[in-house]
Each structure stands twice: as structure tokens, then as C-alpha cells.
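Single-letter residue listing:
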Amino acid sequence: MNAQVLSDQNLLNQYLSGDKSAISSLIERHSRRVRDYIHMMVKDRDVADDIFQETFIKAVRVIDEGRYTDNGKFLSWILRIAHNQVIDYFRAQRQDRSVSETDAGYDVLGTLRLSERTVEDSMVSEQIERDVRALVELLPAEQREVVMMRYFAGLSFKDIAEQTDVSINTALGRMRYALINLRRMIKEKNIVLS
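Our subject in this report is the structure included herewith. (Residues numbered from 1 in each chain as written. Predicted model: local features only at pLDDT ≥ 70, side-chain atom pairs only at ≥ 80, totals over all residues. Heavy atoms only, no water.)

Overview of the side chain of Arg 174
Next, step 1: As for its position among the elements, Arg 174 is in helix α9 (residues 168–188).
Next, step 2: Classification of Arg 174 as buried rests on a relative accessible area of 15%.
Next, step 3: When residues no more than four places from it in sequence are discounted, the contact partners of Arg 174 are Glu 142, Gln 143, Val 146, Thr 164 and Val 166. (Helix = DSSP H or I, 4+ residues; strand = E, 2+ residues; numbered from the N terminus. Buried < 20%, exposed > 50% of the residue type's maximum accessible area, 1.4 Å probe, protein only. Contact = heavy atoms within 4.5 Å.)

Structural data, given as C-alpha cells:
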């Protein structure tokens, strides 16, 4: 039977039965989507390639250990592993150095600078970014995940819903509560974001 018409579960069963080429077919089937997702998150092709390899190594390890349970959503599962690998990468980067606004691909303040930045502007901006990132880390895991995917990875709420295996309304609700919690923490900690 042609590997293209086999379901993900059939390929997994073949792999577990000893057909090592079946896992290659499964990886090939989903490689572009996973690689594109990772690259969109990290914005660096070499880093994305490394994370892509780590993602599938981890997936194969989980399958080999018998810990994968098929629910008909292999792609969602592999994308979740990729997402977690990306988060781990950013955590490691944050421990090495703080990520600048340019690296993160956004401006924390959402402002357009009409003049050159001074050293003081840079210091204030970096402090605000550290404060905001620290507050995001204090959010409940589901809210933190949505904020990271929306603001740091630039995903749409539709993509976030698919990646987290929830409805769009749930993803929007998590973002709403995350913003409410962030505003509350900013007020409680008396943080000035300007």
C-alpha cells in the first residue's frame, strides 16, 4: 500500500512493528508544517533546523517508549512538542542574555520612534521589557502560553487554537484573562511602562 494513503496511525503501527522506513514517511509528511512553524517562532533558519531535529528525536523517543497514545491528532501532538522545544530555546536564551526588542520582533511599547534612541531610552526600554517578561512568567501556564504565542511568536488566534487544541473562543478568553492579570500585576507592583 502506498505510504501517502496510509494514515498517521497506520504508519506508526508499521514503525512499531519493525518497519523503520514508516517513521521516515511520517516525519516527511509533516516536516514542512513543523519546520515552518518553528522558523516562524524563532526567525532563524539554523536554529529552526536544530529545534526541528530535536522535536522529531523527542517524538520518536516517546513513541519508542510506548508513551504516545493516538487520538487521531498526530500533527497537533508533534506541533505541541515543537512549541515546547521553542519555549525551552527562548528560556535558555533568556538565561544567557535578555532578548532585545529587535530579536523578539516587536516593540514592547508599540511606539514609533521619531528620533534616534539615546542610551537612556535603551535602558528604559530594556527594563520595561524585562518587567513585562517577568510578569508574563507569573501568569498561569495556559494564559502564559497564549501570550507567548500571540505576542512573541505572532500567531493568529486561529493558529493558537489549533496548536493548543482548544476553540478560538477559549484562546481569546485565555488572552483576555492574561491581559486582566497583567494589568492587575502592573498595578499591584506599581510598575510604570512609559
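Thoughts on the side chain of Asn 181
Next, step 1: For Asn 181, the location among the structural elements is in helix α9.
Next, step 2: Assessed through its relative accessible area of 18%, Asn 181 is described here as buried.
Next, step 3: A distance of 2.7 Å separates polar atoms of two side chains, one belonging to Asn 181 and the other to Gln 143.
Next, step 4: Those residues in contact with Asn 181, other than ones at most four positions away along the chain, are Leu 139, Pro 140 and Gln 143. (Polar contact = N/O pair within 3.5 Å; in protein donor to acceptor, adjacent residues only side chain to side chain.)

A word on the packing of helix α8 (residues 157–164) against α9
Any two packed helices are characterised by how steeply their axes cross, that is the angle between the axes, and by the distance between the axes.
Next, step 1: The N-to-C vectors of α8 and α9 enclose an angle of 105 degrees; their axes lie 8 Å apart at closest approach. Considering their axes alone, α8 and α9 lie roughly perpendicular with respect to each other. Contact with α8, carried on its side by Phe 157, Lys 158, Ile 160, Ala 161 and Thr 164, involves Ile 168, Ala 171, Leu 172, Arg 174 and Met 175 of α9 and no other residues of that element.
Next, step 2: When the residues that make up the contact of α8 with α9 are grouped by side-chain class, the tally is 7 nonpolar, 1 polar and 2 charged. (Axes fitted to C-alpha atoms, helices over the stretch in contact; angles between N-to-C directions. Parallel < 35°, antiparallel > 145°, perpendicular 65-115°, else oblique. Nonpolar A, V, L, I, M, F, W, Y, C, P; charged D, E, K, R; others polar.)

A word on a negative patch on the surface
Next, step 1: A cluster of like negative charges, contributed by Asp 44, Asp 46, Asp 50 and Glu 54, occupies part of the molecular surface.
Next, step 2: By secondary structure assignment, the location of Asp 44 is in the loop between α2 (20–42) and α3 (45–64). (Patch = residues over 30% accessible without salt bridge, like charges linked within 9 Å, V, L, I, M, F, W, Y side chains within 5 Å. Areas by Shrake-Rupley, 256 points an atom, 1.4 Å probe, with all protein chains shown as cover. Salt bridge = Lys/Arg side-chain N within 4 Å of Asp/Glu carboxyl O. Lys, Arg positive; Asp, Glu negative; His and termini not counted. Charge placed at Lys NZ, Arg CZ, Asp CG, Glu CD.)

Quick word on the pattern of salt bridges
Opposite charge on two side chains permits them to pair, given that their charged atoms come into close proximity.
Next, step 1: In this structure the tally under the stated criterion is 9 salt bridges.
Next, step 2: Residues Asp 36 and Arg 32 are paired through a salt bridge, measuring 3.6 Å at the closest nitrogen-oxygen approach. In this pair, Asp 36 and Arg 32 both sit in helix α2, 4 residues apart, roughly one turn of the helix.
Next, step 3: Arg 32 sits in the exposed class, given a relative accessible area of 65%.
Next, step 4: As a salt-bridge pair, Arg 35 and Asp 49 come within 2.8 Å of each other at their nearest N and O atoms. Taken as a pair, Arg 35 in helix α2 and Asp 49 in helix α3 lie far apart in primary sequence, 14 residues in all.
Next, step 5: A relative accessible area of 27% places Arg 35 in the partly exposed class.

With respect to α2
Next, step 1: In this model α2 runs 31 Å from its N-terminal to its C-terminal C-alpha over 23 residues, within 8% of the 33 Å that 1.5 Å per residue would give.
Next, step 2: If you look at α2, its biggest bend is around 50 degrees, right at Ser 31.
Next, step 3: Listed as buried for α2 are Ala 22, Ile 23, Leu 26, His 30, Ser 31, Val 34, Tyr 37, Ile 38, Met 41 and Val 42.
Next, step 4: Looking one or two residues past α2, Lys 43 carries a phi angle of roughly 60 degrees, positive in sign. (Expected span 1.5 Å × (residues − 1). Bend = angle between axes of the 7 residues up to and from the residue.)

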